[in-house]
Amino acid sequence: MHDTTTRTTMRLERFVKDWLEPAVLRETRPLDVEAWTVGGEPVPFADAVAASYAPFALGSPWGRPWDTTWFHVTGDVPAGWSGDAAPAGTRVELVVDLGFTGAGPGFQAEGTAWTPDGRIVKAVEPRNQHVPLVAGQALDADGRVDLYVEAAANPDVPGGAWTRPTPMGAWETSGPDPIYVLRTMHVALVDETVWELLQDVRALHGLVRVLPGTAPRAAEVLRALEDMLDAVDPDDVAGTAAAGRAALAPALAAPAAASAHRVHAVGHAHIDSAWLWPTRETVRKCARTFSNVLSLMDEDPDVRFACSSAQQYSWVQEHYPELFERIRERVREGRFVPVGGMWVESDTNMPGGEALARQLVAGKRYFIEELGVEPKEVWLPDSFGYTAALPQLARLAGSDNFLTQKISWNDTNTMPHHTFWWEGIDGSRVFTHFPPVDTYNSDLSAEELARAERQYAEKGRANTSLVPFGFGDGGGGPTREMVAAARRTRDLEGSPRVELSDSQSFFDAARAEYASPATWTGEMYLEYHRGTYTSQARTKRGNRRSEHLLREAELWAATAAVRAGAEYPAERLQRLWRTVLLQQFHDILPGSSIAWVHREAERNYAEVARELEEIVDDALRALVGQGDRPVAVNAGPFARDGVAGLGATVLEAPRGAGTVTPVPGPDGDGWVLENDLVRVVVDPNGHVVSAVDRRSGREAILPGARANLLQLHRDVPNEWEAWDIDEHYRRSTTDLVGAAKIEVADGASGPVVRVLREFGSSRVEQDLALPADGRGLRITTRVDWHERQKLLKLAFPLDVRAERATSEIQFGHVHRPTHVNTSWDHARFETVAHRWVHVGEPGFGVAVANDSTYGHDITRTRTADATDAQGARGTTVRLSLLRAPKFPDPDADQGEHELTCELVVGAGIDDAVRHGYALNLPERVVPGAHGVEPLVRVDDDAVVVEAVKLAEDGSGDVVVRLYESRGGRARARVTPAFAHASVEVTDLLERPLAGADGAAARDGDAVLLELTPFQVVTLRVRR
């Protein structure tokens, strides 16, 4: 037989475009339209319905960027279209085209259809333009259309590019001109048979495209499509569509092979809580998406929808209570399924340990209390890499399973598993799935299903994967076309078997099928988006400061409640925590959102700081009493300067500082900063050329090298400006060597060496200071930054030959090699750390602590000529201070910044931990009458108290969270220093922990704990 594949395919594509798709709507009639433009921030429906509307003609422009126009749509449904007179196999719908562009759903105009009494019907979006016209909802008592469409003029921010500066990221720069034209506001008669035929054709045409051209099944399906083309008359599509469906029926009825891959298709809509839109728009995106889902569920009883992020439910509960009650009902039915158990789908690299725990606590408590369900998985499809601390926190929050998708974006290496155990730093494991479909926004096309089957790595041992389907990122969710695709591939030869499902059903099936999966140990590093550790430094600084202020506020408020009977500000703290947790979303904290989002985040952080300082001040006044004696307050977990950790004491003498002495050098004058522990030499240009540990006599700086060296790099990523740092930046480096001015000045706690540098359009001022009794050289860097597409790093070449670098993460640390033996090592050229990094040899090490920096690179270094194999060998630690990407915020990081770090000489891991806490929880000195006894004491410094607070349930019980910090085993006596009845070990949600045997072992008032490496323990002390 002659091969007609190409000609038949061309015929089919034209037939679909020119006849089949237009025939879905048998007839359309325009409706009467009036409009009212808000002219600013969105308004509630009650305000909109009371506004004055003016006639609005189809074809007219509307919507300046970020504004809202309300359209009032009225008119009659033509006689004979509805009721008993309606043609068989038809339905009536409103069809809306707001001027949709080629950009995807969620990245342009969107609308919400409301009834006159304030009930949301559903959204209208580029690929979901219909609104069902149902009596009593979209139709009034007389059967007339009466609806309001809230149209959001959200701009297409990238405009097809992810590198060009855009003015669309803020209201004030986006311009006054309308960017959309209203094209359609029609009532339409839909031919259901033609629509079903169209879905048949799409399913089979997609199958032909993915099957091998020589496969018998491909030829069989192609012949069926050819028969359909012969059966359907272009002049009478409606009258012959049934014959076309009959021609395709045998091809659709052929069952899948016994070995076909099995897919659990889970309805989903990834809604970024902020990104290319502000959070206020996310609130409306949630309403639009969720109403779409509820409408789809009304049409199809088998549709289930997985939805994460308690924050998004909370927004709907606050702003759309009627919609929320409908969601609550579907949750009770098990069809609208909360997943993930987190407040938002947060970044996991940069939130601190307690904050990451609170993501799970806040999320799970909301789902349990408001919706009566507890998700058992962590659902993070789009976060930019996954901390090795997460498995333990997930298990401690009562979650057994984990799902991600983003690792498929790796630019160098391919993840070897799709279903596996993921093991964290403490040995905890979660059952993990990484969908081989490589998208969390599937439309269940034949191409995507074939990819899931082809790429699934566990073939031969298992054969089941999950496919999240629905429009996402900007929301939208699953559509009836996607559900139709699932129906047709339920059991279809040549395709994986597709089952409409939910996440728990998938995980139950996958566990039953695959009893012994492989294990991935440690972090899941994303080989992409490495710039997110540095972009938008103010947002990152706000996060770090907020986390530590929250720790202080809870500690002192709890102490004041126990010691002084003060009221504990639980509701206020919850609200502030939720603000901080929201801003840890994976496009806010990473710095990858529009200007609007980050300016709002900065304002929010300022308000959070103001309120937390009030809480701290109120609590401390209640604790230290009225007086004018200087009281030193230490919220850190370790004693320092004679002040117990978590306590306060009256100062008897002022604090001292190390000395600064000018000294001659071979290149001119320099300075020496020294105390009994460390001697530091600063050269005439402000670089540290020597840092000697007086205890051992070891030099920390690589011979001939300069530490405290600022380096400027060209930073022009290949693809994603704010997201990426590409490895080629290292080949364009300018050392900022010269100093415009250097002098000894008075610092906040003594003399400092002050260095001024000027370069490009920017300037840097640094203060170098050494305390009287510490081993950390503190460097405060103030930058007035006005560069573009540049990366500023601060380098410390160290005389330490380290095989690996140690970086703090949540509740512990990870080791990463400093060599690049493998492609995995090569791809890990920019890494994340929290408060410190450490490199060392046996018996000697150096730590670099910081107060707001996350991005680092740590490499092996030689100072001699490359031909000299015996040159000085060491390790260079570099902190990534600032970037200057142009998209999506063209002014990212411009302006003034202050960043502080410490070079800690002769440091072990224990010293790094101490300095990290001390730098981020600075001592306070307040006027008062007496000191404060800590609420809890721990006798082993390896065991660190991370949080002291009152219980979430309002009982007044004291909750203490602590962890083993050095990566070893520890025995600790934990002594609550207040009257109490019992102490029990709990999970993160403060529930008795299964397997912990209830009450903790006691020795008098003390609790005896034996901790394994990096183990996190939560104690509930009942008062």
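Anything mentioned here points back to the structure above.
**Concerning the pattern of salt bridges**
Next, step 1: For the structure on display, the rule yields 92 salt bridges.
Next, step 2: Arg202 is the salt-bridge partner of Glu21, the closest N and O atoms lying 3.3 Å from each other. Here Glu21, found in helix α1 (residues 5-23), pairs with Arg202, found in helix α3 (residues 192-210); they are 181 residues apart in sequence, far enough to count as distant.
Next, step 3: The class for Glu21 is partly exposed, based on a relative accessible area of 35%.
Next, step 4: With its nearest N and O atoms 3.1 Å apart, the salt bridge here joins Glu41 to Arg280. With Glu41 in the loop between β2 (32-37) and α2 (45-49) and Arg280 in helix α6 (residues 279-299), the pair connects residues that are 239 residues apart, well separated along the chain.
Next, step 5: The structure contains a network of salt bridges with shared partners spanning Glu41, Glu110, Glu150, Arg280, Glu281, Arg284, Lys285 and Arg288.

**Side note on the environment of Ala243**
Next, step 1: If you trace the backbone, Ala243 turns up in helix α5 (residues 237-253).
Next, step 2: Taking the C-alpha atoms as reference points, Ala243 and Ser52, 191 residues apart in sequence, are found 51 Å from one another.

**Points about the pairing of strand β33 (residues 750-759)**
Next, step 1: As judged from the 7 bridges shared by strand β32 (residues 741-747) and β33, these two strands associate in the antiparallel manner. Bridge pairing links Glu743 to Arg754 in β33.
Next, step 2: Here β32 folds back onto β33, and the loop between the two strands holds 2 residues.

**Brief notes about helix α18 (residues 909-920)**
Next, step 1: Compared with an ideal rise of 1.5 Å per residue, which puts 12 residues at 16 Å, α18 spans 17 Å between its outermost C-alpha atoms and is within 8% of the ideal.
Next, step 2: Of all 12 residues in α18, 9 are buried; the element is thus mostly enclosed.
Next, step 3: All of the buried residues along α18 are Ile909, Asp911, Ala912, Val913, His915, Gly916, Tyr917, Leu919 and Asn920.

**A look at the environment of Thr173**
Next, step 1: Within the secondary structure layout, Thr173 lies in the loop between β10 (145-152) and β11 (180-181).
Next, step 2: Among the residues examined, Thr173 registers a relative accessible area of 44% and is labelled partly exposed.
Next, step 3: Along the chain, Thr173 and Pro65 lie 108 residues apart, while their C-alpha atoms are 9.6 Å from each other.

**Regarding the sheet that holds strand β41 (residues 844-850)**
Next, step 1: One open sheet holds the 9 strands; their spatial order is β32-β33-β34-β35-β44-β41-β40-β37-β38, and the pairing between them is antiparallel. Since the sheet does not close on itself, it has two edges, and those belong to β32 and β38 (812-817), each with one partner. Sheet twist, expressed as the mean angle between neighbouring strand axes with direction ignored, is 20 degrees.
Next, step 2: Relative to strand β44 (residues 895-905), β41 runs antiparallel, the two being bridged by 5 bridges. When the bridges of β44 are listed, Val846 appears paired with Val905.
Next, step 3: Lying on the sheet, helix α14 (residues 537-564) is in contact with β41 and β44; it crosses β44 at an angle near 55 degrees.
Next, step 4: Across the face of the sheet, α18 comes into contact with β35 (776-785), β37 (804-809), β38, β40 (836-841), β41 and β44 while running at roughly 20 degrees to β41.

**Let's talk about the sheet that holds strand β50 (residues 982-986)**
Next, step 1: Ordered by their spatial adjacency, 4 strands build an open sheet running β47-β48-β53-β50, and the pairing between neighbours is antiparallel. Two strands lie at the open edges of the sheet, namely β47 (943-950) and β50, each paired on one side alone. For this sheet, the mean angle separating the axes of adjacent strands, direction not counted, is 25 degrees.
Next, step 2: Here 7 bridges tie β47 to strand β48 (residues 958-964), and the two strands are oriented antiparallel to one another. Considered in β48, the bridge of Lys949 is made with Val959.
Next, step 3: This element, α14, spans β47 and β48 of the sheet and lies at about 60 degrees to β47.

**Focus on the packing of helix α8 (residues 321-333) against helix α9 (residues 353-371)**
Next, step 1: Look at α8 against α9: their axes get within 11 Å of each other, and the N-to-C directions meet at 90 degrees. Relative to α9, the element α8 lies roughly perpendicular. Listed contacts from α9 to Phe324, Arg328 and Val331 of α8 are Tyr366, Glu370 and Leu371.
Next, step 2: Looking at the contact of α8 with α9 residue by residue, the class counts come to 4 nonpolar, no polar and 2 charged.

**A closer look at the pairing of strand β52 (residues 1006-1011)**
Next, step 1: When strand β49 (residues 970-976) meets β52, the two strands line up antiparallel, connected through 5 bridges. Across the sheet, residue Arg971 finds its bridge partner in β52, namely Glu1010.
Next, step 2: In terms of strand pairing, strand β51 (residues 1002-1003) meets β52 through 2 bridges, oriented antiparallel. Across the sheet, the residue bridging to Asp1003 is Ala1006, located in β52.
Next, step 3: In textbook terms, the turn of a hairpin is the stretch between consecutive antiparallel strands, and for β51 and β52 this stretch comprises 2 residues, one of which, Gly1004, has a positive phi near 65 degrees.

**Examining the nonpolar core**
Next, step 1: In this structure, Phe336, Trp556 and Leu962 are the most contacted members of the largest nonpolar core, which totals 173 residues.
Next, step 2: Looking at this core element by element, the count peaks at 12 residues for helix α16 (residues 595-624).
Next, step 3: With residues near it in sequence (within four places) discarded, Phe336 still touches Phe290, Val293, Leu294, Met297, Phe305, Cys307, Tyr313, Ile327, Arg330 and Val331.
Next, step 4: With 48 residues, the next largest nonpolar core counts Val680, Leu736, Val755 and Leu879 among its residues.

**Description of the packing of aromatic side chains**
Next, step 1: In the structure shown here, the tally under the stated rule is 41 aromatic pairs.
Next, step 2: Measuring from ring centre to ring centre gives 5.0 Å for Trp720 and Trp723, while their planes differ by 75 degrees; the resulting arrangement is edge-to-face.
Next, step 3: Relative accessible area serves as the criterion here: at 14%, Trp720 is assigned to the buried category.
Next, step 4: Trp723 sits in the buried class, given a relative accessible area of 2%.

**Observations regarding the side chain of Gln536**
Next, step 1: One can find Gln536 in the loop between β22 (519-521) and α14.
Next, step 2: One polar contact links Gln536 to Arg599, side chain to side chain, over a distance of 3.2 Å.
Next, step 3: What Gln536 contacts, discounting residues up to four positions off in sequence, is Gly591, His598, Arg599, Glu602, Asp889, Ala892 and Asp893.

**Remarks on the side chain of Ser535**
Next, step 1: Turning to its location among the elements, Ser535 is positioned in the loop between β22 and α14.
Next, step 2: Of note is the side chain of Ser535, whose polar atom sits 2.8 Å from the side chain of Arg883.
Next, step 3: Ignoring any residue separated from it by four or fewer positions in sequence, one finds Ser535 in contact with Lys540, Pro590, Gly591, Ala722, Arg883, Pro885 and Asp893.

**Focus: the state of the cysteines**
Next, step 1: Evaluated as defined, the whole model comprises 0 disulfides.
Next, step 2: Here Cys307 stays free of any disulfide, with the sulfur of Cys286 as its closest cysteine sulfur at 7.1 Å.

**Observations regarding unusual backbone geometry**
Next, step 1: Cis peptide bonds are those with omega within 30 degrees of zero, and the linkage from Phe887 to Pro888 qualifies with 5 degrees.
Next, step 2: One non-glycine residue, Phe811, adopts positive backbone phi at about 55 degrees.
Next, step 3: Residue placement: Phe811 occurs in the loop between β37 and β38.
Next, step 4: The backbone of Glu990 shows a phi angle near 65 degrees, a positive value even though the residue is not glycine.
Next, step 5: Among the secondary structure elements, Glu990 is positioned in the loop between β50 and β51.
Next, step 6: Residue class for Glu990 comes out buried when judged on its relative accessible area of 6%.

Procedures and definitions
- Residues numbered from 1 in each chain as written.
- Predicted model: local features only at pLDDT ≥ 70, side-chain atom pairs only at ≥ 80, totals over all residues.
- Heavy atoms only, no water.
- Salt bridge = Lys/Arg side-chain N within 4 Å of Asp/Glu carboxyl O.
- Helix = DSSP H or I, 4+ residues; strand = E, 2+ residues; numbered from the N terminus.
- Buried < 20%, exposed > 50% of the residue type's maximum accessible area, 1.4 Å probe, protein only.
- Pairing = 2+ DSSP bridges.
- Expected span 1.5 Å × (residues − 1).
- Axes fitted to C-alpha atoms, helices over the stretch in contact; angles between N-to-C directions.
- Contact = heavy atoms within 4.5 Å.
- Parallel < 35°, antiparallel > 145°, perpendicular 65-115°, else oblique.
- Nonpolar A, V, L, I, M, F, W, Y, C, P; charged D, E, K, R; others polar.
- Core = buried A, V, L, I, M, F, W, Y, C linked by side-chain atoms within 4.5 Å.
- Phe/Tyr/Trp six-rings, centres within 6.5 Å; stacked < 30°, edge-to-face > 60°.
- Polar contact = N/O pair within 3.5 Å; in protein donor to acceptor, adjacent residues only side chain to side chain.
- Disulfide = S-S within 2.5 Å.

Any functional reading would require information beyond the geometric quantities listed.
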